[in-house]
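# Topology and contacts: notes
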Amino acid sequence: MKASVRWLREICPELPEDAEVLAARFTAAGIEVEATQAFGAATEHCLVAEVLARRPHPSRSGLQIVTVDAGARAGKLEVVCGASNVPEAGGLVVLAPVGTYLPAKGVTLERRPIAGVESAGMLCSEKELGLGDDDAGILVLPSKPAPPGTSLAQAVPEARDTILEIGLTPNRADGLGHVGLAREAAALFGSRFVDAAPSAGVGRGRLGDQVSIAIEDGERCPYYGAVVLSGATVAPSPLGVRWRLGALGVRSISNVVDVTNLVMLEYGHPLHAFDLDKVRGGRIVVRRATEGERLLTLDGVDRALSADDLVICDGEGPVALAGVMGGGNSEISASTARILVECAYFEPRGVRRAARRHALHTESSHRFERGVDWGDTPAVLGRTEELIAILAGASPSTERRVIEAQPLARRMVALRTARIGGLLGADVDREDARAILGRLGFVRQPQPEGADAAADVWEVPSHRSDVAREVDLIEEVARVRGYDAIPAVLPAVHPSRDRAPQDGRARRAREAATGAGLSEAISLSFVSPGDLEAVGAPAAAVTVSNPLREDQSVMRTSLLPGLLHAVARARRHGEREARLFSVGRVFLAAAEGGTEERLMLSAVLAGSRAAWLSKPQPLDVWDGKGLVEGLVRRLVRRDVVVQPPAAAERPRHLHPRGAAWIEVDGARVGSFGPLHPDAVDAFSLGESVLALELDIEALEALGRRAPAFVAPPRFPASLRDVAVVVRDDVAAGDLEGAVREAAGELAEQVTLFDRFSGGAIPAGHASLALRVVYRAPDRTLTDAEVDARHERVVAQIRSRFGGELRS
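What you see is a predicted model, and the numbers here were worked out from it, not measured in a lab.

## Topic: the pattern of salt bridges
- Within the structure shown, the criterion is met by 66 salt bridges.
- Across the pair Glu-741 and Arg-800 runs a salt bridge whose closest N-O atoms are separated by 3.7 Å. Taken together, the residues span a long stretch of sequence, with Glu-741 in helix H22 (residues 732-743) and Arg-800 in helix H23 (residues 783-801) at a distance of 59 residues.
- Taken together, the salt bridges that share partners define one network made up of Arg-172, Asp-174, Glu-184, Arg-464, Asp-466, Glu-476 and Arg-479.

So this is what it looks like as structure tokens:
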């Protein structure tokens, strides 16, 4: 939204002169001013000059020497000019004297000869003055806007302005017009603001005598205002109107169309002008379009309409797409004499759907989508009548009429004084709060008998469609008082236990992961279906109806996409190491229908293993296994069984060599392993990454074992190492389990400490070395006892796995 500071001061003259002060106060109150721009800065130094004479340049064809009178400030001067539209003697032009800086050209004029003739300045075009895009010739002023020697900024005040670039939030539709912004500024600075009362209509005829109006869809168009004006003369707008519109980014078309744009920028309420002589049958009907009905809009596109589109029709068919754009079959032209001005309220969601459906985002739809002020319709029509009368010579031939198809009531909101202080953390005087709300246009209602004396009831003005609750009123008080008026107070914080079991589970999972040396990464719950497919996750069960982005269109069924995107981003910036985890909920399809939320922990490891006295080695599957074992022990104090999957059930996103299921007490609780090359490519990782997924809820369902405290051993242990050669497909975990079973109660600990292949080991085989710690709690074991038990271990290995002792 662009706003003219000059226009704001015309509406509210008591505003500060310094535009930066105004911009800072707007921003502090939540109406963010993103930038300020100087419009027509050169016009303060450029002068109105009268042409006295002109003659051809003596040596250069196409150039003229123009003698001008620039009044007392510059006197009579000769200027070399190449424009073809220099007026005859008596015409008025704009002179930039020597020494003038022209920001639009980025130059300061100097006295210098042009083809041998010295020029004492320059006659300027609109583009050179920074007032528009017209550079076909110099700017020729209408007769006598001001005496020669007057600065252009004084002669035409709209030529000099400061423009505020405002980033309005969608709820503040009242800020899309200068009246709304002036009302806001007056409240912020404590200035007086008076709503302009609509002028009395002077038309004497009935609207129905000129055109009949019917509303067939009162839900989508509950409010429709109209007036007919006659005797209009369509012509170009005066310079001041053209420049004001241009400064705000609107192209000037003709005086009548420009009035509709001016009033829209003034009130924030779009309106539309029809050539009444082109309205077939003298009828206006507001209805839904029929499927496939067609309308040629003002942008020259023939559009097929939907049955959801609201259209303005005449006696034969659509003449406008309601709230979005008018039709070419009833537009204002040079021959227009009778004008029908429409000012309506259209339901915002319907306008939004139509604008998106037809890819038409217009100044009109931008405002209607956010909700315009239906209560200002009489004032808007009155202002339009006034300006068309001034600029086009038209007069109302009918009284203004507003048709209310569906009553629109103003909201009433109660405000408790004590609640203001309780919510803001600072006491606010009741009279101060009343004064602030009154300046914003809220109307305090009389207290009904028996009502709470500590509460006021406020009528919400129609221009504040965003205010519906008590907290909204409190926010208005806080904004206008200034957020800096709220004191900084350290609240009393009382630590408490986790309020819900899932909070405790998530906290323990985070503590376990950070204790294992991982860093937490936070990612959105919204992902793309392609990312889920790349990591082999279940198909999305929840689809976002109106996603912010195409790659955030479904709710996640895995935490891995967010982590892998984080690793990819880090690697694009040159960081190869990653130790990341996420704890969060995934959204899965429930077996009985609906959606199930499950708490998961996912982690990724990338880069090299830390090394101090040796060369760093890439992380491998053993690092992932160690992380899994450490996490599970921290979470539930149970042992992990790593189970290689059968080919048919291998996790699709993991590499066939290294993929494994995580099992605890026979329950499958997750998976880990290096990523499959297809997943590496899908996320542009460049190198393989270890990925881990743990179902926290399935893990916690097994129960957390209480810590077991064992007295220090009183008797010494006996150690035996055994190295056996077995087939490659023998899992080390199975081998460990068999050794524990054979060693029985005397085996205090069984640990795999080496794996070797190659060399003298036969192909397809590997050497696994285990250490067994034997100890009895009540005596010192003899060598004979240990040897006998160890022989049972070797026999078990040979019989179950066909293993041979390695010599």
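## Observations regarding the nonpolar core
- Counting residues in hydrophobic clusters, the biggest one holds 62 residues, and the most contacted among them are Phe-26, Leu-164 and Ile-388.
- Residue contributions to this core peak at seven residues, all from helix H6 (residues 178-189).
- In this structure, Leu-164 is in contact with Met-1, Lys-2, Ala-3, Val-5, Leu-22, Ala-23, Phe-26, Val-33, Ala-35 and Thr-36, ignoring residues within four places of it in sequence.
- Of all hydrophobic cores here, the second largest spans 39 residues; its members include Val-211, Ile-215, Leu-310 and Val-372.

## Considerations on the environment of Arg-353
- The residue Arg-353 is located in helix H10 (residues 348-357) in this model.
- Among the residues examined, Arg-353 registers a relative accessible area of 38% and is labelled partly exposed.
- Separated by 42 residues in the primary sequence, Arg-353 and Val-311 place their C-alpha atoms 13 Å from one another.

## Some words on the sheet that holds strand S1 (residues 2-4)
- Across the sheet, three strands lie side by side as S1-S13-S2; this open sheet has antiparallel pairing. Because the sheet does not close on itself, it has two edges, and the strands there are S1 and strand S2 (32-39). Strand after strand, the sheet turns through a mean of 30 degrees between neighbouring axes, direction not considered.
- Sheet analysis places S1 next to strand S13 (residues 161-167), joined by three bridges and oriented antiparallel. If you follow Ala-3 over to S13, its bridge partner there is Leu-164.
- Strands S2 and S13 of the sheet are contacted by helix H2 (residues 19-28), whose axis makes an angle of about 160 degrees with S2.

## A short note on helix H13 (residues 417-424)
- Within the sequence span of H13, burial applies to Ile-420, Gly-421 and Leu-424. Down the axis of H13, the buried side of the element spans an arc of 90 degrees, and every buried residue falls inside it. In H13, the exposed positions angled more than 90 degrees off the buried face are occupied by Ala-418 and Gly-422.
- The positive-phi residue at the C-terminal boundary of H13 is Gly-425, with phi of around 80 degrees.

## So, the side chain of Arg-556
- Relative to the helices and strands, Arg-556 resides in the loop between strand S31 (554-555) and helix H18 (560-572).
- For the buried residue Arg-556, which engages in no salt bridge, the nearest side chain bearing the opposite charge is Glu-597, 8.7 Å off.
- Side-chain polar atoms of Arg-556 contact the backbone oxygen of Arg-585, separated by 2.8 Å.
- When sequence neighbours within four positions are dropped, the list of residues in contact with Arg-556 reads Ser-523, Leu-524, Ser-525, Val-527, Leu-532, Gly-584, Arg-585, Val-586 and Phe-587.

## Remarks on the packing of aromatic side chains
- With the rule as written, the count across this model stands at two aromatic pairs.
- Aromatic side chains Tyr-223 and Trp-374 sit 5.5 Å apart centroid to centroid with 70 degrees between the ring planes, which places their arrangement in the edge-to-face category. Separated by 151 residues along the polypeptide, Tyr-223 in strand S15 (residues 223-230) and Trp-374 in the loop between helix H11 (363-368) and helix H12 (377-392) bring together distant segments of the chain. Taken individually, Tyr-223 and Trp-374 each receive the classification buried, so the pair is uniform in this respect.
- Across the ring face of Trp-661, the terminal group of Arg-668 is positioned such that the distance to the ring centre comes to 4.2 Å.

Calculation rules
Residues numbered from 1 in each chain as written. Predicted model: local features only at pLDDT ≥ 70, side-chain atom pairs only at ≥ 80, totals over all residues. Heavy atoms only, no water. Salt bridge = Lys/Arg side-chain N within 4 Å of Asp/Glu carboxyl O. Helix = DSSP H or I, 4+ residues; strand = E, 2+ residues; numbered from the N terminus. Core = buried A, V, L, I, M, F, W, Y, C linked by side-chain atoms within 4.5 Å. Buried < 20%, exposed > 50% of the residue type's maximum accessible area, 1.4 Å probe, protein only. Contact = heavy atoms within 4.5 Å. Pairing = 2+ DSSP bridges. Axes fitted to C-alpha atoms, helices over the stretch in contact; angles between N-to-C directions. Arc of directions from axis to C-beta. Lys, Arg positive; Asp, Glu negative; His and termini not counted. Polar contact = N/O pair within 3.5 Å; in protein donor to acceptor, adjacent residues only side chain to side chain. Phe/Tyr/Trp six-rings, centres within 6.5 Å; stacked < 30°, edge-to-face > 60°. Lys NZ or Arg CZ within 6 Å of the ring centre and 35° of its normal.

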